[in-house]
Amino acid sequence: HLARAQAKRAEMLEIRQRQQEERLEHLKEKEARQLQDRLEQLIADLDEPNNHEFAIFQLSQLGDEALDMLSDTLLSDDDPDARYGSAIAIGRIANEQNIKVLDRAKAAKALIKALDDDEAAVRYWSAEALGKMRTQLAVEPLTTLLKDAHKGVRQQAQATLDKLRSLV
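Just so we're clear, the structure is a prediction, and the values are computed from it rather than from any experiment. Chains are numbered independently. Their residues run from 1 in the order of the written sequence. Where totals are concerned, whole chains, interfaces and linings use all residues; where local detail is concerned, this predicted model gives features only for residues with pLDDT of at least 70, and gives and counts side-chain atom pairs only at 80 or more. Side-chain calculation: all heavy atoms of the structure are included, whereas hydrogens and water are not.

Let us now look at the overall build of the protein. Looking only at helices and strands, the protein has 8 helices and 0 strands in total. For helices the rule is a DSSP run of H or I covering at least 4 residues; for strands it is a run of E covering at least 2, with both sets numbered from the N terminus onward. Secondary structure of the protein in N-to-C order comes out as α-α-α-α-α-α-α-α. Whereas a compact globule of 168 residues would reach a radius of gyration of roughly 15 Å, the protein reaches 23 Å, over 25% beyond that. Overall, the protein is about 90 × 40 × 20 Å in size when its C-alpha atoms are taken along their principal axes. Residue exposure (1.4 Å probe, protein chains only): buried if accessible area is under 20% of the type maximum, exposed if over 50%, otherwise partly exposed. When the 168 residues of the protein are sorted by exposure, 37% land in the buried category. Taking all contacts inside the protein whose residues are at least 6 apart in sequence as the whole, residues at least 24 apart take part in 62%. Carbon together with sulfur atoms contributes 50% to the accessible area of the protein, which is approximately 10500 Å² in total. Where the 25 positive side-chain charges of the protein centre and where its 31 negative ones centre are 7 Å apart. Both definitions apply: the radius of gyration is a C-alpha atom measure, and the globule rule equals 2.2 Å times residues to the power 0.38. Contacts are residue-level and defined by heavy atoms, with any inter-residue pair within 4.5 Å sufficient. Here, Shrake-Rupley sampling with a 1.4 Å probe gives the accessible areas, and only protein chains in the shown set may cover a residue. Positive charges come from Lys and Arg alone, negative charges from Asp and Glu alone, with His and the N- and C-terminal ends not counted. A single reference atom marks each charge: NZ on Lys, CZ on Arg, CG on Asp, CD on Glu.

What follows covers unusual backbone geometry. One non-glycine residue, Arg134, lies in the positive phi region at around 60°. One can find Arg134 in the loop between α6 (120-133) and α7 (139-145).

Turning our eyes to something else, we now look at the nonpolar core. Among buried residues, those of type Ala, Val, Leu, Ile, Met, Phe, Trp, Tyr and Cys that are joined through side-chain atoms within 4.5 Å constitute a nonpolar core. Of all hydrophobic cores here, the largest spans 39 residues; its most connected members are Leu59, Leu70, Leu74, Ile90, Leu111 and Leu142. Secondary-structure elements contributing two or more residues to this core are α1 (2-45), α2 (52-62), α3 (64-76), α4 (80-96), α5 (101-114), α6, α7 and α8 (151-167). Per-element tally for this core: the top contributor is α4, with 7 residues. If near-sequence neighbours (up to four positions away) are discounted, Leu142 is found in contact with Leu115, Ala127, Ala157, Thr160, Leu161 and Leu164.

Quick look at the environment of Leu62 now. Tracing the chain through its elements places Leu62 in helix α2. When the C-alpha positions of Leu62 and Ile93 are compared, they lie 8.2 Å apart, and in sequence the two are 31 residues distant. Beyond its immediate sequence surroundings of up to four residues, Leu62 is in contact with Leu35, Leu39 and Leu42.

A separate point is the packing of aromatic side chains. Ring pairs are drawn from Phe, Tyr and Trp, using the six-membered ring of Trp, whenever the two centres fall within 6.5 Å, and their geometry is named by plane angle: stacked under 30 degrees, edge-to-face over 60, tilted for the rest. One pass over the full model with this rule turns up 2 aromatic pairs. Seen in terms of ring centroids, Tyr124 and Trp125 are 5.1 Å apart; in terms of plane orientation they differ by 80°. Their pairing is edge-to-face.

For this document, the term salt bridge refers to a Lys or Arg side-chain nitrogen within 4 Å of an Asp or Glu carboxyl oxygen. Evaluation of the coordinates by the stated rule reveals 5 salt bridges. Across the pair Lys106 and Asp68 runs a salt bridge whose closest N-O atoms are separated by 3.6 Å. Of this pair, Lys106 sits in helix α5 while Asp68 sits in helix α3, placing them 38 residues apart in sequence. With relative accessibility at 42%, the residue Asp68 sits in the partly exposed group.

Encoded structure:
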């Protein structure tokens with residue numbers, strides 16, 4: 001009877017362990033879905049003037065988790081408010097948080113591409129964010145921006161170049 005009771009106990013412990021692992025997995029999946037939903041809502045809020053600043057703040061607080069979606073929005077959203085808001089948030093994340101090297105490189109690449117955007121505000125905030133990222137890859141594209149039609153964009157490009165050159 002003792003051996004059978006011990007086997008039953010071991011079986012029950014194994015079942016309990018498996019159930020705990022399943023619960024933990026479901027919890028992780030739920031958290032991932034909630035984060036994705038939150039990111040999507042914040043990106044949508046970038047389009048709304050009343051929610052724009054708060055969305056930028058919230059996105060910058062999410063750090064690395066928001067970078068991919070911000071980079072995609074920066075390069076592909078139809079609304080210029082969402083694009084320049086994404087550039088601002090990327091810059092704040094780069095300035096305030098430690099970013100994984102690969103995530104930093106992808107975000108910098110997106111910002112460099114955004115320097116060619118039709119909207120001056122997107123070019124301006126992308127240049128500013130590149131200064132916060134401190135990436136030397138941006139020197140050549142920023143130099144090209146010194147000939148931009150918009151005075152504010154030219155000034156920001158120059159300020160960012162000065163900042164990058166002081167880091168070398």
